[in-house]
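# Analysis of the macromolecular model
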Amino acid sequence: MSGIIDFDKMFEEYAMAWFKEHEGEYEDENEMEAVMPDVYETWASSPSHKLGGIAPRAFFDGIEKPEELIGILVGTSEGDCNPCSLLLDAIAENEGCAPLLRELLDKPSASPKLKLICVRLLEESGAEHSLKTYMDWIKDENTDDDLRESAIGILKEHANEVKEELLSAAENADADVKTIVAEILLSAEKDERTFALLCELFSSGENIPLYSQYLGMYGDERAAEMLYRALDNCNYAEYIEIKNAIERLGGIVDDARDFSDDPTYILIKSKH
């Protein structure tokens, strides 16, 4: 990270000096935390000798080349370092940065942390997302968990756009990928293939509580018959979600069975 200025460290040093100067003016950490945004704003707007007399905000405002901003982003995202909010604001406001952010998403050498920052910047700036890349992430079990979750969130917002790709990805996929695809498809327009996938997952007998939720959320009353049948042989945790799903579909579950000896009942009740 040679030649890269650590703005977070700069602010940390500024804040420590500021609070030392105002020692005794605040009763506790809560009061100090409350004024932190004002202290940051003062720092961001004040000339700094480390920047040749330029204020940190003015420093970033003066950078017009997207390549330079992205270069600083990459440098300040290495290791334990994190890019400062002034840089992130400057990148989000510079339209020329979006293509470079998308390029970083496909770069093997870019860390998961950097890629996650890129996704958030694309979202914040309202720029076009790299949906194909996000599709690749959800299909790859080796993808970083946070990246995968981020991709799922974005794809839900674009579920109709990628519906065909999602359904194609579910073919011959393992249960993990099928579950992710199903979760995203819940945000798309209804489709018989989606309903078939949800039924397939529920019928597998695995993770009944989750797949019951999915069927309830999907809202197709045809699932009620399958859900009612599942009540005959389920534990308490499964029963709760199956019941919720049935009721969400407009059905009624009038069942007074005793779950007091059920391990999942004992575990759930012990937490309340």
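Higher on the page you've got the structure.
Everything in this summary refers to the structure shown in the same document. Predicted model only: the values in this text are computed from it and were never measured.

## What to know about empty space enclosed by the protein
By the definition in use, this model includes one cavity of 30 Å³ or more. Considering only enclosed or pocket space, the largest cavity measures out at about 40 Å³ in volume. As for the largest cavity, its lining consists of Ile-5, Asp-6, Phe-7, Asp-8, Phe-60, Ile-72, Thr-76, Asn-82, Pro-83, Cys-84 and Leu-87.

## A word on the packing of aromatic side chains
Counting across every chain of the model gives 15 aromatic pairs. Considering the side-chain rings of Tyr-236 and Tyr-265, the 4.8 Å spacing of their centres and the 80 degrees angle between planes classify their relative orientation as edge-to-face. Of this pair, Tyr-236 sits in helix α15 (residues 236-248) while Tyr-265 sits in helix α16 (residues 263-270); the two residues are 29 residues apart in sequence, bridging distant segments of the chain. Given a relative accessible area of 12%, Tyr-236 falls into the buried group. Directly above the ring of Tyr-218 sits Lys-190, whose terminal nitrogen or CZ lies 5.3 Å from the centroid.

## So, the packing of helix α11 (residues 175-185) against helix α13 (residues 208-218)
Between α11 and α13, the least distance of the axes is 11 Å, while the angle of their chain directions is 30 degrees. It follows that α11 is roughly parallel to α13 by the angle criterion. As α11 packs across α13, the resulting crossing turns out to be left-handed. Contacts between α11 and α13 pair Ala-175, Thr-179, Ala-182 and Glu-183 from the former with Leu-210, Tyr-211 and Tyr-214 from the latter.

The rules behind each value
Residues numbered from 1 in each chain as written. Predicted model: local features only at pLDDT ≥ 70, side-chain atom pairs only at ≥ 80, totals over all residues. Heavy atoms only, no water. 1 Å grid on protein atoms, 1.4 Å probe; cavity = no way out; pocket = protein on both sides within 12 Å on 5 of 7 lines; lining within 4 Å. Points joined across faces, edges and corners; volume = space filled by probe spheres on them. Phe/Tyr/Trp six-rings, centres within 6.5 Å; stacked < 30°, edge-to-face > 60°. Helix = DSSP H or I, 4+ residues; strand = E, 2+ residues; numbered from the N terminus. Buried < 20%, exposed > 50% of the residue type's maximum accessible area, 1.4 Å probe, protein only. Lys NZ or Arg CZ within 6 Å of the ring centre and 35° of its normal. Axes fitted to C-alpha atoms, helices over the stretch in contact; angles between N-to-C directions. Parallel < 35°, antiparallel > 145°, perpendicular 65-115°, else oblique. Left-handed = near helix turned anticlockwise from the far one by under 90°. Contact = heavy atoms within 4.5 Å.

Geometric values such as these leave the question of function open.
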